[in-house]
Amino acid sequence: MAKEELITFEGEVVEILPDSRFRVKLENGHEIVAYTAGKMKKNRIKTLAGDRVTVEMSPYDLDKGRLIFRHKDSGAGGPRPAARRPQFRRR
């Protein structure tokens, strides 16, 4: 196995921890601590408790991981409508 090969798992965010870390319960029942990937921070993707996520892990340390994808909620019908703001004339 090459050093660069990473293992991906799916799981659910159980708890939000300080310093943008999350406690994630994987599908196999194992709990890990994961941090948000740089692309998710750059694109301001928010992760909340209860979200389904994909986690990338190194085969050398199976207690830590990196959140690389937040799955869309299956019950949502699409994007939320934007809140209406009153229209004011600017001078």
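Above this text sits the structure in question.
Rules of the game
Residues numbered from 1 in each chain as written. Predicted model: local features only at pLDDT ≥ 70, side-chain atom pairs only at ≥ 80, totals over all residues. Heavy atoms only, no water. Helix = DSSP H or I, 4+ residues; strand = E, 2+ residues; numbered from the N terminus. Buried < 20%, exposed > 50% of the residue type's maximum accessible area, 1.4 Å probe, protein only. Contact = heavy atoms within 4.5 Å. Areas by Shrake-Rupley, 256 points an atom, 1.4 Å probe, with all protein chains shown as cover. Pairing = 2+ DSSP bridges.

S.K.: Help me understand the overall build of the chain in this model?
M.R.: When you go through the chain residue by residue, the secondary structure sums to 1 helix and 5 strands. In sequence order, the secondary structure elements of the chain are arranged as β-β-β-α-β-β. Within the span of the chain, comprising 91 residues, buried residues form 21% of the whole. Partitioning the intrachain contacts of the chain with sequence separation of at least 6 by distance along the chain shows that 51% fall at a separation of at least 24. Surface accessibility of the chain: about 7,800 Å² in total, with carbon and sulfur atoms responsible for 49%.

S.K.: I keep staring at the pairing of strand β4 (residues 52-58) and nothing clicks. Help me out?
M.R.: The two faces of a sheet get side chains in turn, since along a regular strand they alternate between them. In this structure, strand β1 (residues 7-17) lies alongside β4, joined through 6 bridges in antiparallel fashion. Paired with E12 across the bridge in β4 is R52. Here 5 bridges tie β4 to strand β5 (residues 61-70), and the two strands are oriented antiparallel to one another. What sits directly across from V55, in β5, is L67.

S.K.: Which parts of the structure should I look at to understand the pairing of β1?
M.R.: For β1 and strand β2 (residues 21-26), the ladder comprises 6 bridges, and the chain directions are antiparallel. Its bridge partner being in β2, V13 is matched across the sheet by V24. In sequence, β1 turns back onto β2 through a hairpin of 3 residues, with D19 there showing a positive phi of about 60 degrees.

S.K.: Hey, could you run me through unusual backbone geometry in this one?
M.R.: Trans is the common state for peptide bonds, and a negative phi is the common state for residues other than glycine. A positive phi angle, near 60 degrees, is found at D19, a position not held by glycine. Along the chain, the position of D19 falls in the loop between β1 and β2. The exposure class of D19 is exposed, given its relative accessible area of 68%. Not every positive phi belongs to a glycine, and R44 is a case in point at roughly 55 degrees. Counting through the fold element by element, R44 comes out in the loop between α1 (38-42) and β4. On the basis of relative accessibility, which here comes to 70%, the residue R44 falls in the exposed class.

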